[in-house]
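Residues per chain, in single letters:
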Amino acid sequence: MSLHDDAVLVLKSYEDQADLRQAYLDHLAEHPDGMWKSCHSGHVTASALVIDPEHGRVLLTLHKKLRMWLQMGGHCEPEDTSLEAAALREAGEESGITGLTLLPGGPARLDRHPIPAPCHCHYDVQYAVVAPPGAVQEISDESLDLRWFAYDEVAAVADKSVVRLLEATRARL
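A quick note: this is a predicted structure, and the numbers were derived from the prediction, not measured. (Residues numbered from 1 in each chain as written. Predicted model: local features only at pLDDT ≥ 70, side-chain atom pairs only at ≥ 80, totals over all residues. Heavy atoms only, no water.)

## Some words on helix α5 (residues 160–172)
Compared with an ideal rise of 1.5 Å per residue, which puts 13 residues at 18 Å, α5 spans 19 Å between its outermost C-alpha atoms and is within 8% of the ideal. Among all positions in α5, only S161, V162, V163, L165, L166, A168 and T169 are buried. (Helix = DSSP H or I, 4+ residues; strand = E, 2+ residues; numbered from the N terminus. Expected span 1.5 Å × (residues − 1). Buried < 20%, exposed > 50% of the residue type's maximum accessible area, 1.4 Å probe, protein only.)

See below:
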């Protein structure tokens, strides 16, 4: 199964955000290359909020280009076999943490947002991953900083999309 086909199946089974979910499906139907950065009308990305439920905290990255505290995530790569695999890969690469596990239940949220040219938008499929006990993060080249925040600190440092992702994730715990 192609990554494009996997994304369509994931989105069809996602039960929330009906209008936005349909916009994702319409985009993929119109753009066979809609999974890749080369699709300048927009492309699907995969992200993951790294959580430590035992300590009530999340790991955020200070994005190097955007200079914002965000969840881990980014572009799909040809070796990704699924959206889940892409989100897990991105979370591991950007956090430096091994042994991350996906929170069951598929995507936690969808978030479509504009990006600078030459592309127009990201159709982000957002997951949550659980850090193993004693996880130690390691900053990547894509980040200016990497830091754990208590759940109640997130709204003060991150934008509303991260806050909504945290709320959706906590509702599943």
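## Section: the pattern of salt bridges
Counted by the stated rule, this structure contains 6 salt bridges. A salt bridge links R89 to D80; its shortest N-O distance comes to 2.8 Å. Here R89 and D80 have matching classes, each one buried. Given the relative accessible area of 16%, R89 is considered buried. A single salt-bridge network, built from bridges that share partners, covers D80, R89, E90 and E93. (Salt bridge = Lys/Arg side-chain N within 4 Å of Asp/Glu carboxyl O.)

## With respect to the packing of aromatic side chains
Counted according to the given criterion, the structure contains 2 aromatic pairs. Arranged with centres 5.0 Å apart and planes meeting at 75 degrees, the rings of W69 and F149 form a pair that is edge-to-face. Within this pair, whereas W69 is found in strand β3 (residues 69–70), its partner F149 is found in strand β8 (residues 143–150), the two being separated by 80 residues in sequence. Taking relative accessible area as the criterion, W69 reaches 11% and is therefore assigned buried. Residue classification places F149 among the buried positions, given a relative accessible area of 5%. Taking the ring centre of W148 as reference, the NZ or CZ of R57 above it sits at 4.0 Å. (Phe/Tyr/Trp six-rings, centres within 6.5 Å; stacked < 30°, edge-to-face > 60°. Lys NZ or Arg CZ within 6 Å of the ring centre and 35° of its normal.)

## As for the environment of P32
Following the sequence through the fold, P32 ends up in the loop between α2 (18–30) and β1 (43–52). Residue P32 is classed as exposed on the basis of its relative accessible area of 67%. Along the primary structure P32 and H4 are separated by 28 residues, whereas in three dimensions their C-alpha atoms are 7.4 Å apart.

## What about the pairing of strand β7 (residues 121–130)?
Of all 10 residues making up β7, 9 are buried, and the element is well covered by its neighbours. In this sheet, β7 lies alongside β1 in parallel orientation, the contact comprising 9 bridges. Paired with I51 across the two strands is V130, which belongs to β7. Both strand β5 (residues 101–102) and β7 contribute to a ladder of 2 bridges, which runs antiparallel. Counterpart to L102 in the pairing with β7 is V129. As defined by bridge partners, strand β6 (residues 109–114) adjoins β7 across 6 bridges and the pair is classed as antiparallel. If you follow R109 over to β7, its bridge partner there is Q126. Counting the residues between successive antiparallel strands, the hairpin from β6 to β7 contains 6 residues. (Pairing = 2+ DSSP bridges.)

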